[in-house]
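Architecture at a glance
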Amino acid sequence: MSRVRADEEEYWHSSKFRAFTFDDEDDELSQLKESKRAVNSLRDIVDDDDDDLERVSWSGEPVGSISWSIKETASGSTSSLDGRDSSLQKGSSSYAALPKQASSYSLSSLFKGRNKLSSFQSLSDALTDTGVKNYAPELRRPKAEYKDYSSDWSPKDTVRRMQRGKVCSLERFRSLQDKLVLLDEAVAGHDGNVITAVMLSYSTHLKINSLPIEILFRELEVRQVALCHLIHFLRETGEQKFLLDLLRFLDRTEEVALSQYREHLNIQDVEKRREFLKGCIGLPFSAEDASHIQDHYTLLERQIIIEANDRHLEMAGQSELFRKYPRKASILNMPLVTTLFYSCFYHYTEAEGMFSSPTNLKKTFKIPDKQFVLTALAARAKLRAWGDVDALLTTKNWLGYTKKKAPIGFHRVVEILQRNSAPVQVLQEYVRLVDDVETRLNLATKYKCHDVVIETYRDLKDRIQLTAYKGKVERGSAEEEKINSILSNMVRNAYS
Amino acid sequence: QAIVWDEYLTGPFGLIAQYSLLKEHEVEKMFTLKPGRLPPADVKNIIFFVRPKLELMDIITDNVLREDRGRSPQRDFHILFVPRRSLLCEQWLKEQGVLGSFIHREQYSLDLIPFDGDLLSMESESAFKECYLESDQTSLYHAAKGLMTLQALYGTIPQIFGKGDCARHVANMMIRMKREFPGSQNSIFPVFDTLLLLDRNVDLLTPLATQLTYEGLIDEIYGIQNTYVKLPPEKFAPKKQGESGKDLPTEPKKLQLNSAEELYAEIRDKNFNAVGSVLSKKAKIISAAFEERHHAKTVGEIKQFVSQLPHMQAARSSLANHTSIAELIKDITTSEDFFDNLTVEQEFMSGIDTDKVNNYIEDCIAQKHPLIKILRLVCLQSVCNSGLKQKVLDHYKREILQTYGYEHILTLNNLEKAGLLKPQTGGRNNYPTIRKTLRLWMDDVNEQNPNDISYVYSGYAPLSVRLAQLLARPGWRSIEEVLKMLPGPHFEERQQLPTGLQKKRQHGENRVTLVFFLGGVTYAEIAALRFLSQMEDGGTEYIIATTKLINGTTWIKSLMEKLEPAPF
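Residues numbered from 1 in each chain as written. Chains lettered and ligands numbered in written order. Predicted model: local features only at pLDDT ≥ 70, side-chain atom pairs only at ≥ 80, totals over all residues. Heavy atoms only, no water.

1. Overview of the overall build of chain A
Going by this rule: Helix numbers and strand numbers start at the N terminus; a helix is a DSSP run of H or I with at least 4 residues, a strand a run of E with at least 2. Note on exposure labels: buried denotes an accessible area under 20% of the residue type's maximum, exposed denotes more than 50%, and partly exposed covers the range between, all computed with a 1.4 Å probe on protein chains only. Whether two residues are in contact is decided by their heavy atoms, any of which lying within 4.5 Å being enough. In short, Shrake-Rupley with a 1.4 Å probe defines the accessible areas, and a residue's cover is counted only from the protein chains shown.
Scanning chain A from terminus to terminus reveals 27 helices and two strands. Within the span of chain A, comprising 496 residues, buried residues form 45% of the whole. A separation threshold of at least 6 residues defines the contact pool for chain A, and within that pool the share at least 24 residues apart is 45%. Put simply, chain A shows about 26,600 Å² of open surface, and 52% of that area lies on carbon and sulfur atoms.

Here is the structure:
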């Protein structure tokens, strides 16, 4: 949107790059419409037994699918289920009967001509076959037989058994050395599940024998994969202290800092959260991040002050602004730009010394001009404070001359004002200031700023366009008169 | 018995088993897993079907603890982990004091789920995050396991190619597994000639761009989950005109999308700009077919017409659905913002102005567009510039944090760790070389009758698929230099086959390559591979497997730090 439209056109036409254009837009749309029409007209022919066709409930679940039946069985009683059963069978079978398209590259087609015994029709058959059927008998095995207390497994076998989901006793590997061998074996197997399990057994071992946990840390330092799994595990289980100890030992300071900072998300109470963030400021973040964290703390601190103040104001009912525009939500924990908007909305005229004043926020957080103007503009336009808008865009030079300036470009100003339904007189003033002629004309035409359109054509000495524009203004209006007088002037100038 | 489902699993399971099958196995009731007391059910056994996630264990614990001990008959609990039993979770249950309540703890090794005739997915949403942020390679272990299962069913794959660290790991694991189970040597004639393992981080660019195929756009705009899509109901008005108006559906319309539907199979992989004409052509054909009934004079002719009716009705309802979907999508693709966004994407991908702050991105931040959209664009710029200049990166970061909240510093850090957003190191930008050598940007793209894979992004040819294409012909040796610029090793392994199983290729017979995307694949990439399969002189057919079907939005989301939702 920021890009000047004309440039864009020019760019796409002249350059070799293709955009995703719909050149034949009308044509395509009409094609769609046409097919829709055709489809609709067919409805009356074949409507009666439609329901036989679609075995899909409105929510789209094919009747008989798992998620469909969860809903069904959860609500229905057994007896109603029986009644439904027959239709269900019918439904699912006819659903499955939809022809599977035999494309030239489908898995199932790869097996054409192979005998049925040795291969599966499709992969899904294979999966259900091996899965479900093997599973059923296993259920019936007694517990005692299932658990495996045999203790002769080598580290390799143990890991392999664990990978297959069997229970193995790790107690057998008593010494730390044994456990390390087991750990290395687990790492080689790449199964995170097993790696973590072995590691936990290791750390429990240390705890039981009251050995320092640093022993584990040191061993992990040379086993990066295992280390990553432990870190992941600690993060998942929320063992913050253990995690921080570990990261500190490894000298991964930035990670320590971020991990600690992450904790603030779990603190609901604002005061406590503020305190916590204060504690984060000294942490070893990267230089860039450190300044953001500092800002985060400062922002929350401000918000707490503003919130207390404004809630009081609102309750007292003294302020007309708060009465007229009650706050939608508290400002606590909102982003900076939202806070700036809020402050431009409710506290625009405050002196810079006040924490809630926009200028104070701008200074404290070094908000760039562009961002500031954009936000202030939106807030003031929302309040329809056109005077403020004017002041915001006016600058005085050292001689005392005033000049209109918009760091965001006047086309953006127009857009924002228009969105807040500014009157044409206000809009016109800024449309006139748009630098690029093409954009100016576009905006002026779009928002019916007749004067600007007329003046622009006059400056361009474009008689044809000007004459054409006469059709767009009201008959007998001041604008029409203006066009007429310009046109006759142009003629006179041409002859003189 | 009753099953309590982890809701996430019902989608994938729905693809392989119908309720009727479970009923045959005496499943009486099914519930969704949620905290609180389990609903009453007159069953002896309660089986939990869950992913091994700690937060789910907490819910189960809650279920079990609230179970009324006094009831009779007492119910027995079982737990079934998908895809893998987790000692961690069991440890967790033990700490909560409920592990003893479970009579059986088992696993259901569901590695690769069939999504379509040529598509398999593990549906492991966090695989990329785990591999690149947490260095947790468990998902790779599962991928290797899945590949072993596949080989057990379809024969040993003689050739393995790969690019990227994760690809190397998976290949190593496969070789190791094969060594450890010598009995696994099977006597099945191999279906696949080649396995190509590709790391997502070799091509971070492709998922960030907006997909422009029909299926890709459906996914970008509405999100396809387990082949189902939920659409706004307005365009799917009730069928009988008389009834409409009264109760317009408010629930989203859910549709299944796969190649079983003839029309969808035809248009899913087309560039969206080519879909309209197909739909209108189909409409004419169907209209004509229905007109036939006027010409049917004899009983025999009428009988024949009637016998064709079901097929024609199916075609008509399918056409109605896709016309509606196409209309919905068109509303979006013709919007100014879609156009502006695409313009910027294409500028970046073709290498224009990637080294300075982009106006459009700044504007989007100022107008508080969704954060994910911003992150997609900024990451795209970073990738297309081999990292951003420090000054540019700092500027974006500052704007994002000030507008969306400082806590997003955690997300930005994650993106940096994953290599999606980074400062340029060494001041060298490799992307132009990669782009030119691999011909990633094509100026003369033909959306209607494509002659190159670049049609799926209207100009950009997905890097990952280009690698697959070049591997088939003329081979990777021709692009050694570029391969070295992309992260991770590239390699080739061979698995010996017994002489009897070695393929004697008939002349003109296609090779079959299984492409496994580690860390996710987009629908547009799949479309590009299908396009290559169908090329007349291509000589290679592709089957696709992945850890997860992704698009830029779901992918970035998986990398974002979970933050509490804002109050408004």
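2. Things to note about the domain arrangement of chain A
Selection criterion: Residue ranges for the domains originate in an automatic or database domain assignment.
Annotation of chain A at the domain level lists domain 1 (155–251), domain 2 (264–367) and domain 3 (449–495). Domain 2 of chain A and domain 3 of chain A are separated by 52 Å when their C-alpha centres are compared.

3. Points about the pattern of salt bridges
Under the convention used in this document: Any carboxyl oxygen of Asp or Glu within 4 Å of a side-chain nitrogen of Lys or Arg constitutes a salt bridge here.
Under the criterion given, the structure shown has 45 salt bridges over all chains. Between Glu-219 of chain A and Arg-223 of chain A there is a salt bridge; the shortest N-O distance is 3.0 Å. Look at Arg-223 of chain A and you get buried, because its relative accessible area is 16%. One salt bridge connects Arg-466 of chain B with Asp-452 of chain B, and the closest N-O pair in it is separated by 2.9 Å.

4. Side note on helix H23 (residues 424–431) of chain A
Where H23 of chain A is concerned, the buried positions are Val-426, Leu-427, Gln-428, Tyr-430 and Val-431 of chain A. Buried residues belonging to H23 of chain A abut helix H21 (386–392), strand S2 (402–404), helix H22 (410–419), helix H24 (437–446) and helix H25 (450–460) of chain A.

5. Structural notes on the sheet that holds strand S2 (residues 29–32) of chain B
Residue and element names in this part refer to chain B. Formally: A pair of strands is considered paired only if DSSP assigns at least 2 bridges between the two. To obtain an axis, a line is fitted to C-alpha atoms, over the contacting stretch when the element is a helix, and the angle between two such axes runs from 0 to 180 degrees between their N-to-C directions.
Spatial ordering of the open sheet is given by S2-S1-S3-S4-S5, a layout of five strands whose pairing is parallel. The open sheet terminates on both sides in strands that have one partner only, identified here as S2 and strand S5 (102–107). Averaged over all adjacent pairs, the angle separating strand axes in this sheet is 20°, with direction ignored. Pairing of strand S4 (residues 76–81) with S5 involves five bridges; the strand directions are parallel. In the strand pairing of S5, Leu-80 is matched with Glu-106. Sitting on the sheet, helix H3 (residues 54–66) is in contact with strand S3 (45–50), S4 and S5, with an inclination near 165° to S3.

6. Describing the packing of H24 of chain A against H25 of chain A
Residues and elements named next belong to chain A. For the record, the criterion: Orientation categories follow fixed angle ranges, with anything under 35 degrees roughly parallel, anything over 145 roughly antiparallel, 65 to 115 roughly perpendicular, and all other angles oblique. Here a crossing is called left-handed whenever its near helix is offset anticlockwise from the far helix by less than a right angle, and right-handed whenever the offset is clockwise. Gly counts as polar in this scheme, as do all residues outside two lists: the nonpolar Ala, Val, Leu, Ile, Met, Phe, Trp, Tyr, Cys and Pro, and the charged Asp, Glu, Lys and Arg.
Closest axis-to-axis distance for the H24/H25 pair is 9 Å, and the angle between their directions is 150°. Comparing the axis directions of H24 and H25 gives the class roughly antiparallel. When you trace H24 past H25, the crossing you get is left-handed. Seen from H24, the contacting residues are Val-437, Arg-440, Leu-441, Ala-444 and Thr-445; seen from H25, they are Val-452, Val-453, Thr-456, Tyr-457 and Leu-460. By residue class, the composition of the contact of H24 with H25 is seven nonpolar, two polar and one charged.

7. As for the environment of Met-173 of chain B
By the secondary structure assignment, Met-173 of chain B is in helix H7 (residues 165–180). Considering only alpha carbons, one finds Met-173 of chain B and Ser-386 of chain B, 213 residues apart in sequence, at a separation of 31 Å. Discounting residues that sit within four places of it in the chain, Met-173 of chain B has contacts with Gly-189 and His-190 of chain A together with Leu-140, Tyr-141 and Ala-144 of chain B.

8. A closer look at the sheet that holds strand S13 (residues 490–494) of chain B
All names here are of chain B. Within the open sheet, the seven strands sit side by side as S6-S7-S15-S14-S9-S8-S13. Their pairing is mixed. Each having just a single partner strand, strand S6 (113–116) and S13 make up the two edges of the open sheet. Taking the axes of each pair of neighbouring strands and ignoring which way they run, one obtains an average angle of 20° across the sheet. Where strand S7 (residues 119–121) and strand S15 (residues 540–546) come together, three bridges link them in parallel fashion. Paired with Leu-120 across the bridge in S15 is Ala-545.

9. Notes on the pairing of strand S12 (residues 253–256) of chain B
Residue and element names in this part refer to chain B. What you see with S12 is no split at all: Lys-253 and Leu-255 on one side and Lys-254 and Gln-256 on the other are buried throughout. Where strand S11 (residues 228–231) and S12 come together, four bridges link them in antiparallel fashion. Considered in S12, the bridge of Val-229 is made with Leu-255.

10. A few points about the environment of Phe-341 of chain A
Residue and element names in this part refer to chain A. The topology assignment puts Phe-341 in helix H18 (residues 336–346). A residue is classified by how much of its surface remains accessible, and Phe-341, at 28% relative accessible area, is partly exposed. Each C-alpha atom, one on Phe-341 and one on Ala-391, is 17 Å from the other, the two residues being 50 residues apart in sequence. Every residue in contact with Phe-341, bar those within four places of it in the chain, is listed here: Thr-375, Ala-378, Ala-379 and Lys-382.

11. Thoughts on the packing of helix H11 (residues 214–221) of chain A against helix H12 (residues 224–237) of chain A
For any two helices packed against each other, the geometry comes down to the angle between their axes and how far apart the axes lie. All names here are of chain A. Packing of H11 against H12 brings their axes to within 7 Å, and their N-to-C directions diverge by 130°. With respect to H12, the axis of H11 lies oblique. Together, Leu-216, Leu-220 and Glu-221 of H11 and Gln-224, Ala-226, Leu-227 and Leu-230 of H12 make up the contact between the two elements. Partitioning the contact of H11 with H12 into residue classes produces five nonpolar, one polar and one charged.

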